Amino acid sequence: MKKNLLLLSLILVFVSKGICQEGDKVIGKWLTADKKAHIEIYKCDGKKYCGKIVWLAEPKDENGKEKTDVHNPDKELAKVALEGLVERGLSENQEYLDRLEEELQIIKDKKFAPYFLVVSNMINWAKKEEIMVGPGRGSSAGSLVCYALKITDIDPIEHNLLFFRFINPERNDFPDIDTDIQDSRRDEVKDYLVRQYRHVASIATFLQFKDKGVVRDVARVLNIPLTDVNKVLKMVDTWDEYCTSKSTREFREKYPEVEKYGDQLRGRIRGTGIHAAGVVTSKDPIFRYAPMETRSAPGSDERIPVVGVDMEEAERIGLIKIDALGLKTLSVIQDAVAMIKENHYKDIDLESLDLADSKVYEMLSDGYTKGVFQCEATPYTNLLVKMGVKYFNELAASNALVRPGAMNTIGKDYIARKHGKQNVSYSHQIMKPFTEDTYGCILYQEQVMQACVHLGQMSMSEADKVRKIIGKKKDAKEFDVFKDKFVSGASAYISPNDAKDLWHDFEAHAGYSFNKSHAVAYSTLSYWTAWLKYYYPLEFMFALLKNEKDKDNRTGYLIEAKRMGIPVKLPHINDSDFDFKIEGKGIRFG
């Protein structure tokens, strides 16, 4: 037994991605010497031990002290999730209880409970410290467990979001909960992780020589005139286009060394950086599992620990990865809400805002999007004006349609149907419940999955595989198997030819279909900023100016403030603060 424990102590990992495959057997369970951690070791295929060990994190209370009476993270997660459902007033709804039970069982089977507890601990600490956290990001917004734990603030049942888009029980991918934190206080969250788990490090990124960049790099070393380089690169986007395009032939013949050396450099590491959001944490020193180094933190002279591998390799090693991305918009919202309270003595509860306010959508549809999260980009503004958004589901659809390529394909049909210029039709009425909000168009990856389940008679796990295969077209053989299965199942409702045509549509729009969970989460942020701009323009414009460091963007906001009738006062030695401030009904320069 002592030998076994010694062996385990050398290879322990806080939480590992290397979960054993189905059929593996637990051959031993031990407690560490101090009885704090429950360890399981698996035997794979009856021949050898798995290389990854799961160490369950000890739950901690809100003061950071270990709960010595709790050793089962699955029970702890179920308890906290049910309490969260009670707090949100949903514990009497059987649909929510059934969904929660299903998700918790999958999380338990995959042994992911410690990860959810760690992320929940971090986010709830941040909220307790009045650090603004985003309502959700990515596919985690489709999880009711995340909603119950207050990791996200998006109700997945209300918005018809899928948990299987987040976790597929038939795949061994580790869940990825991305979190937006107000950028002005992100370092506090990272410091908390260090205090809580001691061993925390940022993740390295590796930049490669590729596409137009490698042409520029080689040309610079060879002292080729920059004007010639810029001229030729305006005509191409990729390396293959550069090597084959007629428009670059003259340049290639004049400077053949660019193609020669560029081809040798492509795919090689150009430089290193630090991942904008990702950190890894471990209960043991990270250097036991991966190389470590220190680098200067972005925008600071302070040196921070960095694990010397990229994100994918860190996951393969078994380190737990937490994504906490600094988002300026959250700092803007936080400052605006604080100033509203100071000026109007009102506490704004963003989660309780009416998402059906016609005045807010009218402002967006008129093109007054300056400062509104994501919507202020010119292509997005033009899309909103063209669409004329009236409801939240249309705002979420705009988040999907604004992506490159989508507007010129499925977007035309969507807008034509929305304005009554094209009939709304469905391949079969069975698809109406999950495509009605998008006028019968399939914009989202979740809709592809639902079509596979309800029309193609596939399981949700199979549907998620279809979503992934169609999007990346990884395995042609597996691709054909699922195509045949979909056509066979759908033929019970529609003709085989119509089923094949629908599958072809899935393929054609695969590059443009979007993650609905992310679209809903980020559209919520867009709506919050639009609401603040419409009802509290002075406080909102103040917060924008305070948090904007780019001179061109700041100039744009000053022009918008003037359009809205908000006086912007010049700096004054007696009246100005260090930064912008609200003075009367105007804004004073700092």
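What you are looking at is a predicted structure, and each value in this text was computed from that prediction instead of being measured.

Chemist: What am I meant to see in the overall build of the protein chain here?
Modeler: Scanning the protein chain from terminus to terminus reveals 25 helices and 13 strands. Going through the 590 residues of the protein chain one by one, you find that 51% of them count as buried. Put simply, 66% of the contacts in the protein chain that link residues at least 6 apart link residues at least 24 apart. Put simply, the protein chain shows about 29,500 Å² of open surface, and 49% of that area lies on carbon and sulfur atoms.

Chemist: Any chance you could explain the pattern of salt bridges here in plain terms?
Modeler: Any two side chains of opposite charge can pair, so long as their charged atoms come close to each other. According to the stated counting rule, one finds 26 salt bridges in the structure shown. Linking Asp180 and Arg137 is a salt bridge whose minimum nitrogen-to-oxygen distance equals 3.1 Å. Taken together, the positions of Asp180 in strand E5 (residues 178-182) and Arg137 in the loop between helix H4 (113-128) and helix H5 (144-148) put the pair 43 residues apart, joining distant regions of the chain. With a shortest N-O distance of 2.6 Å, Lys328 and Glu548 are connected by a salt bridge. One end of the pair, Lys328, is in helix H13 (residues 328-344); the other, Glu548, is in the loop between helix H24 (537-547) and helix H25 (551-563), with 220 residues separating them in the sequence. In this structure Lys328 comes out as partly exposed when scored by relative accessible area, which is 33%. The exposure class assigned to Glu548 is buried, which follows from its relative accessible area of 5%. Connected via shared salt-bridge partners are Arg88, Lys127, Asp153 and Glu351.

Chemist: Can you help me understand the sheet that holds strand E9 (residues 303-307) in this one?
Modeler: In a beta sheet, neighbouring strands are held together by backbone hydrogen bonds and run either parallel or antiparallel to one another. Taken in spatial order, the six strands line up as E5-E10-E7-E6-E9-E8 in an open sheet, and their pairing is mixed. Lying at the two open borders of the sheet, with one neighbouring strand each, are E5 and strand E8 (292-296). Going across the sheet, the axis of each strand differs from the next one's by a mean of 50°, ignoring polarity. With respect to the sheet, helix H6 (residues 186-197) is in contact with E5, strand E6 (199-208), strand E7 (269-282), E9 and strand E10 (320-327), its orientation differing from that of E7 by roughly 60°.

Chemist: Just to check I follow, could you spell out the packing of aromatic side chains for this structure?
Modeler: We describe a pair of aromatic rings using the distance from one ring centre to the other and the angle between the two ring planes. Evaluation of the coordinates by the stated rule reveals 18 aromatic pairs. Residues Tyr242 and Phe251 carry aromatic rings whose centres are separated by 6.3 Å and whose planes lie at 75° to one another, so their mutual orientation is edge-to-face. The same class applies to Tyr242 as to Phe251, namely buried. Grouping aromatic residues by their ring pairs yields a cluster made of Tyr115, Phe116, Phe163, Phe164 and Phe166. Just above the ring of Tyr147 sits the side chain of Arg88; from NZ or CZ to the centre is 3.9 Å.

Chemist: Help me understand the pairing of E6 in this model?
Modeler: Every other side chain in a regular strand lies on the same face of the sheet, so the side chains alternate between the two faces. Judged from the nine bridges that link them, E6 and E7 form a sheet pairing that is antiparallel. Across the sheet, residue Gln208 finds its bridge partner in E7, namely Ile269. Bridge count between E6 and E9: two bridges; the pairing is parallel. Residue pairing across strands places Ser202 opposite Val306, the latter belonging to E9.

Chemist: Can you help me understand helix H22 (residues 496-508) in this one?
Modeler: Quick reminder: α-helices carry 3.6 residues per turn. Residues three or four places apart thus point the same way. A rise of 1.5 Å per residue sets the reference length of H22, with its 13 residues, at 18 Å; its end C-alpha atoms lie 18 Å apart and thus fit the reference within 8%. Residues of H22 that are buried include every one of Ala499, Leu502, Trp503 and Phe506, and no others. Angularly, the buried residues of H22 cover 100° about the axis, an arc narrow enough to put them on a single face.

Chemist: Could you clarify how one ought to interpret the packing of helix H16 (residues 392-401) against helix H17 (residues 410-418) in this entry?
Modeler: In contact at an axis separation of 11 Å, H16 and H17 are set at 155° when each is read in the N-to-C sense. Overall, the two elements H16 and H17 adopt an arrangement that is roughly antiparallel. As H16 runs across H17, the sense of the crossing is left-handed. Here H16 contributes Glu394, Ala397 and Leu401 to the contact with H17, which in turn contributes Ile410, Gly411, Tyr414 and Lys418.

Chemist: Any chance you could explain unusual backbone geometry here in plain terms?
Modeler: Trans is the prevailing form of peptide bonds, just as negative phi is the prevailing case for residues other than glycine. The phi dihedral of Asn160 is positive, around 60°, even though this residue is not glycine. Among the secondary structure elements, Asn160 is positioned in the loop between H5 and E5. Even without glycine at this site, Asn223 takes up a positive phi of about 60°. Its place among the elements puts Asn223 in the loop between helix H7 (211-221) and helix H8 (226-233). You can call Asn223 exposed: its relative accessible area is 68%.

Chemist: Looking at this structure, how should I read a nonpolar patch on the surface?
Modeler: Taken together, Val221, Leu222 and Tyr261 make up a surface patch of nonpolar side chains, about 270 Å² in accessible area. Mapped onto the elements of the fold, Leu222 is located in the loop between H7 and H8.

Chemist: Explain a negative patch on the surface here, please?
Modeler: Taken together, the side chains of Glu95, Asp98, Glu101 and Glu102 make up a negatively charged region of the molecular surface. Within the secondary structure, Glu95 is located in helix H3 (residues 94-110).

Chemist: Hey, could you run me through the packing of helix H15 (residues 378-387) against H17 in this one?
Modeler: Angle between the axes and distance between the axes: these two values describe a pair of packed helices. Where H15 contacts H17, the two axes come as close as 10 Å, and the packing angle between them is 35°. In contact with Leu383, Lys386 and Met387 of H15, H17 contributes Tyr414, Ile415 and Lys418. Residue classes in the contact of H15 with H17 are distributed as four nonpolar, no polar and two charged.

Chemist: Please clarify how the sheet that holds strand E13 (residues 586-588) should be interpreted in this entry.
Modeler: Pairing within the open sheet is mixed, and its three strands lie in the order E11-E13-E12. Looking at strand neighbours, the two that pair on one side only are strand E11 (568-569) and strand E12 (581-583), the edges of this open sheet. Bridging between E11 and E13 involves two bridges; their strand directions are parallel. In the sheet register, Lys569 faces E13, and the bridge partner there is Arg588.

The rules behind each value
Residues numbered from 1 in each chain as written. Predicted model: local features only at pLDDT ≥ 70, side-chain atom pairs only at ≥ 80, totals over all residues. Heavy atoms only, no water. Helix = DSSP H or I, 4+ residues; strand = E, 2+ residues; numbered from the N terminus. Buried < 20%, exposed > 50% of the residue type's maximum accessible area, 1.4 Å probe, protein only. Contact = heavy atoms within 4.5 Å. Areas by Shrake-Rupley, 256 points an atom, 1.4 Å probe, with all protein chains shown as cover. Salt bridge = Lys/Arg side-chain N within 4 Å of Asp/Glu carboxyl O. Pairing = 2+ DSSP bridges. Axes fitted to C-alpha atoms, helices over the stretch in contact; angles between N-to-C directions. Phe/Tyr/Trp six-rings, centres within 6.5 Å; stacked < 30°, edge-to-face > 60°. Lys NZ or Arg CZ within 6 Å of the ring centre and 35° of its normal. Expected span 1.5 Å × (residues − 1). Arc of directions from axis to C-beta. Parallel < 35°, antiparallel > 145°, perpendicular 65-115°, else oblique. Left-handed = near helix turned anticlockwise from the far one by under 90°. Patch = residues over 30% accessible without salt bridge, like charges linked within 9 Å, V, L, I, M, F, W, Y side chains within 5 Å. Lys, Arg positive; Asp, Glu negative; His and termini not counted. Charge placed at Lys NZ, Arg CZ, Asp CG, Glu CD. Nonpolar A, V, L, I, M, F, W, Y, C, P; charged D, E, K, R; others polar.

Bear in mind that shape data such as this cannot, by itself, settle questions of function.
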